[in-house]
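# Chains, contacts and geometry: an overview
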Amino acid sequence: MAFWRSKKNDSSDESTAPETPSASSPASGEEASGGLFGKMKTGLQKTRRVLGTDIRDLFKAEGRLVDEDFLGELYARLIRTDMGAGPAGRIRDRVAKDFRGRVVHLEEVVQTITEDIREQLKQDHGDLAKADSPPTVILVVGVNGSGKTTSIGKLSHHLVSQGHKIVLGAGDTFRAAAVEQLTIWSERIGCEIVTGPSGVDPASVAYQTTEKAVEIGADYAIIDTAGRLQTQGKLMQELEKIRRVIDKKLPGAPHEVLLVLDATAGQNAISQAKGFSNAAGCTGIILSKLDGSAKGGVVLPIREQFELPVKFVGLGEGIEDMTKFDPDTFTAALLEA
């Protein structure tokens, strides 16, 4: 039988508590002065270093002739950010179209790359879906270690800070640590949570979370699921069951199915997206751990292959280190020196 908790005094063990922004974190450093752009730029510094250093090394002071050798070297450097053969090839072809046979300088090529990446990242429906009448139910899926539970905590904080009332559902019932972590998040944020005994059917927790959200007039119900590999067929069937029972309680729900992808996974994130998108009907992506990766380019093949909008990105360890994804801001932060 599930139960729910509301906010209480924080007396949890600090060793298991979610981290909050410190004076040295991006949330209180560059972000404070640069807002969204500052936070994004800080988070993407490793990818920017690969792009900036590698591409800069292609040029001499007098510029560089755009020939086959140059185009091949440019392509190889773009691939290093895990943007994939398709997006990297399109950027190379755009540079070839604009400059082949000319001697160009770094700034000209970077401008062309920026324009092309911005074009490739254009997306519709970047905002969270909203039910015609509350609550909006969000199902969150992803493999173990992707940062799924932490991303739920950050998303919850983001919504609560905007004045929304939320309920969390601890549907990862076979992993006690996940339930404990999500419970700590709920206490820190000040929202209610529905949990259940270890090993209980996750679909029952999802159903009761939706029921509780309706009962208390919550704006959002955010439901965790067991972290699993996309190749585990029976567990994917469980996701389908969760969707069915939520829809039974609240027709049309879930309104969002967000897939959490670990940016450090690079191209492996693509196979994760494919498996989950097919099984769970994913509607959007949270890209986590972007601050710890030189593979920020993985956003491009994800957008190319699945046409799923990237809705949020995780840019640090603190509770505030998640932000809405904006293609223009992302591109500028990726390429600005």
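Further up the page is the structure itself.
Thresholds applied
- The numbers attached to residues start from 1 for each chain and follow its sequence in the written order.
- It should be noted that, the model being predicted, local features are given only for residues of pLDDT at least 70 and side-chain atom pairs only at 80 or more, the latter also being counted only at that level, while totals for whole chains, interfaces and linings use all residues.
- Hydrogens and waters are ignored; side-chain quantities use all the structure's heavy atoms.
- Secondary structure counts use DSSP, requiring at least four H or I residues in a row for a helix and at least two E residues in a row for a strand, with both numbered from the N terminus.
- In this scheme, a residue with accessible area under 20% of its type's maximum is buried, one over 50% is exposed, and one in between is partly exposed, where area comes from a 1.4 Å probe on protein chains only.
- Only the protein chains shown count as cover for residues, and all accessible areas are computed by the Shrake-Rupley method using a 1.4 Å probe.
- What a helix is expected to span follows from its residue count: subtract one and scale by 1.5 Å.
- Here, residues are in contact when the closest pair of their heavy atoms is within 4.5 Å.
- A cavity, in this analysis, means grid points on a 1 Å lattice covering only the protein atoms where a 1.4 Å probe fits yet has no way out; a pocket is instead an open set bounded by protein on both sides within 12 Å along at least five of seven lines, and a residue lines either one if it has an atom within 4 Å of a point.
- Grid points are joined across faces, edges and corners, and a volume is the space filled by probe spheres set on the points.
- In the scheme used here, Gly and all other residues not listed as nonpolar or charged are polar, with Ala, Val, Leu, Ile, Met, Phe, Trp, Tyr, Cys and Pro taken as nonpolar and Asp, Glu, Lys and Arg as charged.
- Within this document, salt bridges are pairs made up of a side-chain nitrogen of Lys or Arg and a carboxyl oxygen of Asp or Glu, the two lying within 4 Å of each other.
- Definition used in this section: a nonpolar core is a set of buried Ala, Val, Leu, Ile, Met, Phe, Trp, Tyr and Cys residues joined via side-chain atoms within 4.5 Å.
- Any two strands are treated as partners once DSSP identifies two or more bridges connecting them.
- The handedness rule is simple: strands pointing away from the viewer, and a clockwise path from the first strand over the helix to the second, make the crossover right-handed.
- Whether two aromatic rings pair depends on their centres lying within 6.5 Å, for rings of Phe, Tyr and Trp, where Trp uses its six-membered ring; planes under 30 degrees apart make the pair stacked, over 60 edge-to-face, and the rest tilted.

Right, let's talk about the overall build of the chain for a bit. Helix and strand content of the chain: 12 helices and 11 strands. Looking at the chain as a whole, 55% of its 337 residues are labelled buried. In the form shown here, the chain has an accessible surface area of approximately 14300 Å², with 48% of it arising from carbon and sulfur atoms.

The next point concerns helix α4 (residues 85–99). Taking 1.5 Å of rise per residue, 15 residues should cover 21 Å, and α4 covers 21 Å from first to last C-alpha, within 8% of that figure. The set of residues buried in α4 consists of P87, A88, G89, I91, V95, A96 and F99. Where the residues of α4 are buried, they touch α3 (68–79), β3 (103–104), α5 (106–120) and α11 (299–306). Downstream of α4 by a residue or two, G101 has a phi angle that is positive, lying close to 85°.

By volume, the largest pocket is sized at about 310 Å³. As for the largest pocket, its lining consists of 20 residues, of which S146, G147, K148, T150 and K289 are closest to the centre. No other element matches the five residues that helix α6 (residues 148–161) contributes to the lining of the largest pocket. In terms of residue class, the lining of the largest pocket is made up of two nonpolar, 12 polar and six charged.

With that out of the way, let us pick up the pattern of salt bridges. According to the stated counting rule, one finds 20 salt bridges in the structure shown. Notably, a salt bridge pairs E108 with R102, separated by 3.3 Å at the nearest N-O pair. Take R102: its relative accessible area is 39%, and that puts it in the partly exposed class.

So, about the nonpolar core. With 72 residues, the main nonpolar core has F70, V95, I113, V141, I246, L287 and F330 as its most contacted residues. Sorting elements by how many residues they give to this core places helix α10 (residues 268–280) first, with six residues. Core analysis: the second largest hydrophobic core is formed by 23 residues, V140, I166, V260 and I319 among them.

This part is about the pairing of strand β5 (residues 166–169). What you see with β5 is no split at all: I166 and L168 on one side and V167 and G169 on the other are buried throughout. Bridge count for β5 against strand β7 (residues 220–224) is four bridges, and the pairing is parallel. Opposite V167, over in β7, you have A221 as the bridge partner. In terms of strand pairing, β5 meets strand β6 (residues 192–195) through three bridges, oriented parallel. The partner of V167 across the bridge, within β6, is E192. Note on the crossover from β5 through helix α7 (residues 176–189) to β6: the handedness is right-handed.

Moving on, we get to the environment of A218. For A218, the position within the fold is in the loop between α8 (202–216) and β7. Distance from A218 to I166, taken between C-alpha atoms, is 5.3 Å for residues 52 residues apart in sequence.

Within the secondary structure, D124 is located in the loop between α5 and β4 (136–141). Put simply, D124 and P309 are 185 residues apart on the chain and 7.0 Å apart in space, counted from C-alpha to C-alpha.

Our focus in this paragraph is the packing of aromatic side chains. Applying the stated rule across the entire model yields two aromatic pairs. Consider the rings of F59 and F70, whose centres lie 5.6 Å apart with planes at 70°: the pair is edge-to-face. Highlighted residues: F59 in the loop between α2 (45–56) and β2 (64–65) and F70 in helix α3, separated in sequence by 11 residues. The burial state of F59 is the same as that of F70; both residues are buried. Ring geometry for F325 against F330: centres 5.2 Å apart, planes inclined by 55°, an arrangement best described as tilted. Per residue, the accessibility class of F325 equals that of F330, and both read buried.

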